[in-house]
Amino acid sequence: MIAAATSPWLSALPPFLVASAVCIAAVPGSMWLARRTGAVAEPDQDRHLHPLPTPRLGGIAMFAGFAVAVAIFGSGITYRWQVIAVTGAITIAMAVDDVLDLHWLSKLAIEVGVGVLTVVLGITITTIAIPGAHSASVWDLMWLAAPVTVVWLVGMQVSVNLLDGADGVAAGVIAIVAGVCLLAAINRIQTVGDVQSGVVILSGAVMGCCLGFLVFNLPPARVFMGDSGSHFLGVAL
C-alpha cells in the first residue's frame, strides 16, 4: 500500500500483467472457435489483403483478459461489475456479427443498445470541462447526460472499428491511448483509492489485453480482433 501511494503507477502493473497473460492464453481458443463458427476473414482484392484465411474472434480473448484483471484487482472501482457487464455484452453481440456479418443497421442498433445499457446501469457523463484562458469551466449536462453518454459510446466504438484496418494498428493505438489515460489519472490522484485510482487500474487492464493480443496480431497477423474486439475496446476505453 505504501509503495502504491508513493508510485501510483504500480497499481496498474498487476492488472496489466494478468490481462496480458489471460489474453495470450485465450487467443488460441478464440482462433479455434472462429474456425468452428466460420468467423474467418477470407482474402480478397477489396479490404482483406492478407494472404491466408484469418480467424477474427480475437476480441473474445481481449475481453477475457480485461474482465479477469478487473474482477481480481478492481475492488476499488465503483462500477466494476457494470463495466464488466457492458464490455461483455458488446463483445458477445459483436462476436455474433463476426460470425453472421450483420447488416449495418443491426450493428448500429447494437452500438446504441450498449450505450443505453451503460446509462441504465448508472454510468453517465454528467459534466464536461471547457478549456478557458485561466481555468476550465465545468458544465453540468443535467438531462443531456444520458444522450451524450450514448452518443459518445457509439462514437468510440465506430472510431476504434475504423482504426482496425491493418495488422496491429487498433490494438497498438488503444494501448497508447490507455497509457495516456493512465498518466492523466496518476496526475489527478488526490487520495489513495479515489476515482482516479480506479482509472489507473482500468487503464492497466486495457493496456495489458492490447499488448497480449499484439503477440498474435503484429504483421503478419495470425488472428484479427474482429468487430467483437474493436467495439469492446471502444466501450472499455
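My aim in this report is to walk through the structure given alongside it, one point at a time. Here the structure is a predicted model, which is why all the values come from computation and not from measurement. (Residues numbered from 1 in each chain as written. Predicted model: local features only at pLDDT ≥ 70, side-chain atom pairs only at ≥ 80, totals over all residues. Heavy atoms only, no water.)

It is worth spelling out helix H9 (residues 226–236) at this point. Along H9, 10 of the 11 residues are buried, which leaves the element largely enclosed by surrounding structure. All of the buried residues in H9 are Gly226, Asp227, Ser228, Gly229, Ser230, His231, Phe232, Leu233, Gly234 and Val235. For H9, the elements touching its buried residues are helix H3 (58–73), helix H4 (80–100), helix H5 (104–120), helix H6 (145–163), helix H7 (169–188) and helix H8 (195–217). (Buried < 20%, exposed > 50% of the residue type's maximum accessible area, 1.4 Å probe, protein only. Helix = DSSP H or I, 4+ residues; strand = E, 2+ residues; numbered from the N terminus. Contact = heavy atoms within 4.5 Å.)

Attention shifts here to the side chain of Thr149. One can find Thr149 in helix H6. A relative accessible area of 3% means that Thr149 is categorised as buried. If sequence neighbours within four positions are ignored, Thr149 has contacts with Val119, Ile123, Thr124 and Ile125.

Take the packing of aromatic side chains next. In total, this model carries 2 aromatic pairs according to the counting rule given. Between Phe66 and Phe232 the ring centres are 5.4 Å apart and the planes differ by 70°, which places this aromatic pair in the edge-to-face class. A residue pair is termed long-range when its members are at least 10 positions apart, and Phe66 in helix H3 and Phe232 in helix H9 qualify at 166 residues. Here Phe66 matches Phe232 in class, with each residue buried. What links up through ring pairs into an aromatic cluster is the set Phe63, Phe66 and Phe232. (Phe/Tyr/Trp six-rings, centres within 6.5 Å; stacked < 30°, edge-to-face > 60°.)

Following both chains from N to C, one finds helix H2 (residues 13–37) and H8 inclined at 35°, their axes separated by 7 Å at the closest point. For the pair H2 and H8, the sense of crossing is right-handed. On the side of H2, the interface is formed by Pro15, Phe16, Ala19, Ser20, Cys23, Ile24, Val27 and Pro28, while H8 contributes Ile201, Gly204, Ala205, Met207, Gly208, Cys209, Leu211, Gly212, Phe213, Val215 and Phe216. Per-class residue counts for the contact of H2 with H8 are 15 nonpolar, 4 polar and no charged. (Axes fitted to C-alpha atoms, helices over the stretch in contact; angles between N-to-C directions. Left-handed = near helix turned anticlockwise from the far one by under 90°. Nonpolar A, V, L, I, M, F, W, Y, C, P; charged D, E, K, R; others polar.)

Let's shift gears to the nonpolar core. The biggest cluster of nonpolar side chains holds 38 residues, and the ones touching the most others in it are Val27, Met62, Phe66, Cys210, Phe213 and Leu233. The element that contributes the greatest number of residues to this core is H8, accounting for 10 residues. Once residues lying within four places of it in the same chain are set aside, the contact partners of Phe66 are Ala19, Val83, Thr87, Leu202, Ala205, Val206, Cys209, Phe232 and Ala236. Grouped together as the second largest cluster of nonpolar side chains are 6 residues, Val86, Met94, Leu153 and Val235 included. (Core = buried A, V, L, I, M, F, W, Y, C linked by side-chain atoms within 4.5 Å.)

Turning our eyes to something else, we now look at the pattern of salt bridges. Oppositely charged side chains are able to pair whenever their charged atoms sit close together. Considering all chains together, one arrives at 2 salt bridges under this definition. A salt bridge links Lys107 to Asp97, with the shortest nitrogen-to-oxygen separation between them at 3.7 Å. Of this pair, Lys107 sits in helix H5 while Asp97 sits in helix H4, and the two are 10 residues apart along the sequence. Each member of the pair, Lys107 as well as Asp97, carries the same accessibility label: buried. (Salt bridge = Lys/Arg side-chain N within 4 Å of Asp/Glu carboxyl O.)

Honestly, it's all geometry; don't read function into it.
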